[in-house]
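So the chains spell out like this:
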Amino acid sequence: TLEGEEGVPGYNGNPDYSRFPTKDEQKRFCHEYLKAFWGKSPENSQVEVLLDEVSRFVTINHFYWGLWAINQAFEEGCDGFDYMTYAVARIMRGLAEEDLADAF
């Protein structure tokens, strides 16, 4: 468990998004993925289509884990881990992915 693991990134409920791949890193990864999958170099438009699809799933992932953390906070409390801080961080990140964070 994370209990007592103060040195673990995100222990306090605040994920370290600086560790998330940059758009350029994501683009290179998607390019190499498609190249390995198809056996030839993809066109930039094909890479962009995959990046767009991945981006939508990243946003959904933030909302999913944010809602999960709210449930955990009510089920387990926040003594061992600050689930509510984590929930807010994930949901706000999901909103930021969609440029909606300033609306709240």
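Above this text is the structure in question.
Residues numbered from 1 in each chain as written. Predicted model: local features only at pLDDT ≥ 70, side-chain atom pairs only at ≥ 80, totals over all residues. Heavy atoms only, no water.

Draft legend 1. View of the side chain of Ser55. Examined against the element boundaries, Ser55 turns out to sit in helix H2 (residues 44-76). When neighbours within four sequence positions are excluded, Ser55 is seen to be in contact with Lys23 and Glu97. (Helix = DSSP H or I, 4+ residues; strand = E, 2+ residues; numbered from the N terminus. Contact = heavy atoms within 4.5 Å.)

Draft legend 2. A look at the packing of aromatic side chains. Under the counting rule described, the total for this entry stands at seven aromatic pairs. Between Phe29 and Tyr33, the ring centres sit 6.5 Å apart and the planes meet at 20 degrees, which makes this aromatic pair stacked. With Phe29 and Tyr33 both in helix H1 (residues 23-38) and four residues apart, this pair spans about one turn of that helix. Residues Trp68 and Tyr83 carry aromatic rings whose centres are separated by 5.7 Å and whose planes lie at 80 degrees to one another, so their mutual orientation is edge-to-face. One end of the pair, Trp68, is in helix H2; the other, Tyr83, is in helix H3 (residues 83-97), with 15 residues separating them in the sequence. Residue classification places Trp68 among the partly exposed positions, given a relative accessible area of 29%. Feature note: the residues Tyr64, Trp65, Trp68, Phe81, Tyr83 and Tyr86 constitute an aromatic cluster, connected by ring pairs. The cationic tip of Arg93 hangs over the ring face of Tyr17; the distance from NZ or CZ to the ring centre is 4.3 Å. (Phe/Tyr/Trp six-rings, centres within 6.5 Å; stacked < 30°, edge-to-face > 60°. Buried < 20%, exposed > 50% of the residue type's maximum accessible area, 1.4 Å probe, protein only. Lys NZ or Arg CZ within 6 Å of the ring centre and 35° of its normal.)

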